[in-house]
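Per-entry structural report
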Amino acid sequence: VEAVAGVGLVGDHYASKANGQRQVTLIQREHLTAVAQLLGQSEVLAEAVRRNIVVSGSNLSAWRDSTFSMGEVSLEGTGTCDPCSRMEEVLGPGGYNAMRGHGGIVCRILEGGKLRIGDPVNAK
C-alpha cells in the first residue's frame, strides 16, 4: 500500500479526512489473538476492529511516542488507538472491554512510500 505523508494510506476511506494524529492505525497480531481468546472466538480480524496495519513480534506500546520506520515509510506514534462503542456491535457482547489495552497505536506519516507485507519496524 502507498502511504502519503500528511494524508494516510491510498485507498483508505479516511485518508483525506484523517486528522494529523491519526493517519494510520497499527495493531499487534498478538493482541488480535488475545482479544479472540477473551471473546471465545477463533479469530478477530484487523479490519473488523478498524485497524490499517497488523504487526507481529514488536511491542507497539514502545513506539507510541516515538519516530520509527516501517519499510520505506517514516512514522510518528501519536497515541493509543482506544476502542470505540462499535466494538460491541462488531465483536459481540464484551467486545469493548476485550479491546481495552489491546487497541494498538495511531500514527502520523512523516515520510511516505510503499508499505509491504513483512517490512520490518525499526527505530529512527
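This report concerns the structure included in the present document. This is a predicted model, so every value here is computed, not measured.

1. Looking at the packing of aromatic side chains
Under the definition given, this model contains one aromatic pair. Consider the rings of Trp-63 and Phe-68, whose centres lie 5.2 Å apart with planes at 45 degrees: the pair is tilted. Using a relative accessible area of 14% as the deciding quantity, one classes Trp-63 as buried. Overall, Phe-68 belongs to the buried group, its relative accessible area being 0%.

2. Some details on the nonpolar core
Formed by 17 residues in total, the largest nonpolar core has its most connected members in Leu-26, Ile-53, Phe-68 and Met-70. For this core, the elements supplying multiple residues, two or more each, are β3 (24-28), β4 (53-55), β5 (67-70), β6 (73-80) and β7 (105-111). Ranked by the residues each element gives to this core, the list is headed by β7, at three residues. Apart from residues no more than four positions distant in its own chain, Met-70 is found in contact with Leu-26, Ile-53, Val-55, Leu-75, Leu-115, Asp-119, Pro-120 and Val-121. If you look at the next biggest cluster of nonpolar residues, it comprises 12 residues, including Val-35, Ala-36, Val-44 and Ala-46.

3. Some points on the sheet that holds β4
Read across the sheet, six strands follow the order β4-β3-β7-β6-β5-β9 without closing on themselves; strand pairing throughout is mixed. Single-partner strands in this sheet number two, and they are β4 and β9 (121-123). Going across the sheet, the axis of each strand differs from the next one's by a mean of 40 degrees, ignoring polarity. Across four bridges, β5 lies against β6 in antiparallel orientation. Across the sheet, residue Phe-68 finds its bridge partner in β6, namely Leu-75. Against the sheet, helix α1 (residues 29-39) engages β3 and β4, with an angle of about 65 degrees to β3.

4. Things to note about the pattern of salt bridges
Here the structure, examined in full by the defined rule, presents four salt bridges. A salt bridge links Glu-2 to Lys-114; the nearest nitrogen and oxygen atoms lie 3.2 Å apart. You can see Glu-2 sitting in strand β1 (residues 2-4) and its partner Lys-114 sitting in strand β8 (residues 113-114), a full 112 residues away along the chain. By relative accessible area, Lys-114 is classed as partly exposed at 38%.

5. Some details on the pairing of β3
In summary, the side chains of a regular strand alternate between the two faces of the sheet. Burial analysis of β3 places five of its five residues in the buried class, the great majority of the element. Bridging between β3 and β7 involves three bridges; their strand directions are antiparallel. Across the sheet, the residue bridging to Val-24 is Cys-107, located in β7. In this structure, β3 lies alongside β4, joined through three bridges in parallel fashion. Pairing of Ile-27 across the sheet is with Val-54, part of β4.

The rules we used
- Residues numbered from 1 in each chain as written.
- Predicted model: local features only at pLDDT ≥ 70, side-chain atom pairs only at ≥ 80, totals over all residues.
- Heavy atoms only, no water.
- Phe/Tyr/Trp six-rings, centres within 6.5 Å; stacked < 30°, edge-to-face > 60°.
- Buried < 20%, exposed > 50% of the residue type's maximum accessible area, 1.4 Å probe, protein only.
- Core = buried A, V, L, I, M, F, W, Y, C linked by side-chain atoms within 4.5 Å.
- Helix = DSSP H or I, 4+ residues; strand = E, 2+ residues; numbered from the N terminus.
- Contact = heavy atoms within 4.5 Å.
- Pairing = 2+ DSSP bridges.
- Axes fitted to C-alpha atoms, helices over the stretch in contact; angles between N-to-C directions.
- Salt bridge = Lys/Arg side-chain N within 4 Å of Asp/Glu carboxyl O.

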